[in-house]
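Spelled out, the chains give:
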Amino acid sequence: MALELINPDDLPVPEMYTQVVIATGSRLVFISGQQPEDIHGKLVGHGDFAAQARLAFGNLGRALTAAGARPEHVCKITIYIVDYNRDEHVPIIEEVQISLFGDHKPANVVVGVAIMSPGYLIEVDAIAVIDEVVRN
């Protein structure tokens, strides 16, 4: 595996991510921010954060596959959320993150933003490391 996941003894152990990820693979994959858009670039789930989160993470999974990477190759994700409210958004993010990553916990950052394109509530990008091209 190209990733070593570390939670140092003197830092809290997070439930949904890893504090430190060491990548040793030979290929870096950078996935652009994935939004809750269908194949035609149309927003799906207007006003529904959960629906938008499911589609954004689903699109992230499809982008990884296109790059020859799998979710377990992801070392870091960044999640951008409009009007971020931890109590409201984290349970939804946990659910969709588990649906894509299973037990794998990449490093992550959640960034609250004031606004995206009208109606858009979430965007997620990723960095993956692979040793070789793995076509799914």
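Described in the following lines is the structure provided in the data block. All figures in this text were calculated on a predicted structure; none of them were measured in a lab.

## Some remarks on the pattern of salt bridges
Evaluation of the coordinates by the stated rule reveals 1 salt bridge. In this structure, Arg70 engages Glu72 in a salt bridge whose closest nitrogen and oxygen atoms are separated by 2.5 Å. By relative accessible area, which is 28% here, Glu72 ends up partly exposed.

## So, unusual backbone geometry
Here the phi dihedral of Asp83 falls at roughly 50°; this positive angle occurs in a residue that is not glycine. Within the element layout of this structure, Asp83 appears in the loop between β4 (74–82) and α2 (86–101).

## As for the side chain of Gln97
Along the polypeptide, Gln97 turns up in helix α2. Assessed through its relative accessible area of 2%, Gln97 is described here as buried. Here the side chain of Gln97 touches Met16 through a polar contact of 2.8 Å, landing on its backbone oxygen. Aside from chain neighbours lying at most four places away, what touches Gln97 is Met16, Phe57, Ile77, Ile79, Gly102, Pro106 and Asn108.

## Topic: the sheet that holds strand β3 (residues 27–34)
If you walk across this open sheet you meet the 4 strands as β3-β6-β4-β5, and the pairing is mixed. Each of the sheet's edge strands pairs with one partner strand only, and the pair in question is β3 and β5 (107–113). Direction aside, the axes of adjacent strands within the sheet are offset by 10° on average. In this fold helix α1 (residues 49–66) packs onto β3, β4 and β6 (122–130), with an angle of close to 25° to the strand it touches most, β6. α2 contacts β4, β5 and β6 of the sheet and is inclined by roughly 145° relative to β4.

## Focus on α1
For α1, spanning 18 residues, the distance from its first C-alpha to its last is 26 Å, which sits close to the expected 26 Å at 1.5 Å a residue. Within α1, 13 of the 18 residues are buried, leaving the element largely enclosed by the surrounding structure. The opening residue of α1 is Asp48, an N-cap whose side-chain oxygen sits 3.2 Å from the backbone nitrogen of Ala50. Looking at the residues trailing α1, positive phi occurs at Gly68, about 80°.

What counts as what
- Residues numbered from 1 in each chain as written.
- Predicted model: local features only at pLDDT ≥ 70, side-chain atom pairs only at ≥ 80, totals over all residues.
- Heavy atoms only, no water.
- Salt bridge = Lys/Arg side-chain N within 4 Å of Asp/Glu carboxyl O.
- Buried < 20%, exposed > 50% of the residue type's maximum accessible area, 1.4 Å probe, protein only.
- Helix = DSSP H or I, 4+ residues; strand = E, 2+ residues; numbered from the N terminus.
- Polar contact = N/O pair within 3.5 Å; in protein donor to acceptor, adjacent residues only side chain to side chain.
- Contact = heavy atoms within 4.5 Å.
- Pairing = 2+ DSSP bridges.
- Axes fitted to C-alpha atoms, helices over the stretch in contact; angles between N-to-C directions.
- Expected span 1.5 Å × (residues − 1).

On their own, these measurements won't tell you what the molecule is for.
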